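Okay, here's what each chain looks like letter by letter:
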Amino acid sequence: MSQEPKRGHFAKEEGEIVLREHEYDGIQEYDQKLPNWWLFTFYGAIVWTVLHWSAYYYTSAFMTPQQKVTSDIIAVQQAKEAELEKTLASLDDAVLVNDWATKPEVVAAGEAAYLTNCSACHAADLSAKMTVGATEVPLPGLPLNDHTWKFGGRPMDIFKLINDGSPPESDGNNGAKMQPWGQSLSPKQIAEITAFIISKVPEDFAGISGN
């Protein structure tokens, strides 16, 4: 015959099986002492949670998600500024005209970037016009092949305009202002676009030499 389980409130020793004294709707519950590894894990998790929660919310040991995003944005901006400074250190009007704009691979890269990012406002042929049927419709941007440079006609003026966007005093063209492309393009890409524009209207920059 099987021995009736010991009754009590809870098991005290490992391996001990106790039939708990309470009973609800005829349902009885056995109790065994949990193994030490399980108890250590359970209580350790509680201690870890309390410590981590306190450190996260009440100390500067961890960054919040907002602080992490802000930190990443600052890091990206600093990297962009460092890259721009490095590019500007080796770039000037003469370099853009006599070096960058004379290299087919640079001009081709600039054309690709221009067609992707600039042609919607300035047109693929730099005319800032779109032909619809027999009608020419002006686009939001200024023409770049009419030999008129509203914000300065030096190569570095063009570079700066692309990088920084329309200056604050500008009222835009056809109600639109150019965005600061330096936020989405690298300084190298902007220099390539500048070189491409120079290659399309070289007569506007013929007087610029390396001297």
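To be clear, the structure that these remarks concern was listed above.
What you see is a predicted model; the values in this text were computed from it and never measured. (Residues numbered from 1 in each chain as written. Predicted model: local features only at pLDDT ≥ 70, side-chain atom pairs only at ≥ 80, totals over all residues. Heavy atoms only, no water.)

Caption draft 1: Region of interest: the pairing of strand β4 (residues 129-132). Pairing analysis gives four bridges linking β4 to strand β5 (residues 135-138), with the strands arranged antiparallel. Within β5, the residue paired with M130 across the bridge is V137. Hairpin connection of β4 to β5: two residues between the antiparallel strands, including G133 at a positive phi of 65°. (Pairing = 2+ DSSP bridges. Helix = DSSP H or I, 4+ residues; strand = E, 2+ residues; numbered from the N terminus.)

Caption draft 2: Inspection of a nonpolar patch on the surface at higher detail. A cluster of nonpolar side chains, namely L34, W37, W38, F42, Y43, I46 and V50, defines an oily patch on the protein surface of about 730 Å² accessible area. Locating I46 in the fold gives a position in helix α1 (residues 36-58). Of the residues examined, I46 reaches a relative accessible area of 40% and is grouped as partly exposed. (Patch = residues over 30% accessible without salt bridge, like charges linked within 9 Å, V, L, I, M, F, W, Y side chains within 5 Å. Areas by Shrake-Rupley, 256 points an atom, 1.4 Å probe, with all protein chains shown as cover. Salt bridge = Lys/Arg side-chain N within 4 Å of Asp/Glu carboxyl O. Buried < 20%, exposed > 50% of the residue type's maximum accessible area, 1.4 Å probe, protein only.)

Caption draft 3: Region of interest: the packing of aromatic side chains. This structure, assessed with the given rule, holds eight aromatic pairs. Here the aromatic rings of F42 and Y43 are separated by 5.2 Å at their centres, their planes lie at 65°, and the arrangement is edge-to-face. Joined through ring pairs, the aromatic side chains of W53, Y56, Y57, Y58 and F62 make up one cluster. (Phe/Tyr/Trp six-rings, centres within 6.5 Å; stacked < 30°, edge-to-face > 60°.)

Caption draft 4: Fine view of the environment of E136. In this structure, E136 sits in strand β5. E136 gets classed as exposed once you look at its relative accessible area, which sits at 52%.

Caption draft 5: Up close: the nonpolar core. Ranked by internal contacts, the top residues of the largest apolar core, which has 28 residues, are W100, Y114, I162, I193, I197 and F205. Every element with two or more residues in this core is listed here: α3 (93-98), α4 (104-117), α6 (155-164) and α7 (187-200). Broken down by element, the residue count for this core peaks at seven residues, all from α7. (Core = buried A, V, L, I, M, F, W, Y, C linked by side-chain atoms within 4.5 Å.)

Caption draft 6: The arrangement of the packing of α6 against α7 in detail. Their axes nearest at 9 Å, the elements α6 and α7 cross at an angle of 130°. By the angle between their directions, the pair α6 and α7 is classed as oblique. The two elements α6 and α7 meet at a crossing, and its hand is right-handed. Here P155, I158, F159, I162 and N163 of α6 lie close against α7, whose contacting residues are P187, I190, A191, I193, T194, I197 and I198. For the contact of α6 with α7, the per-class residue count stands at ten nonpolar, two polar and no charged. (Axes fitted to C-alpha atoms, helices over the stretch in contact; angles between N-to-C directions. Parallel < 35°, antiparallel > 145°, perpendicular 65-115°, else oblique. Left-handed = near helix turned anticlockwise from the far one by under 90°. Contact = heavy atoms within 4.5 Å. Nonpolar A, V, L, I, M, F, W, Y, C, P; charged D, E, K, R; others polar.)

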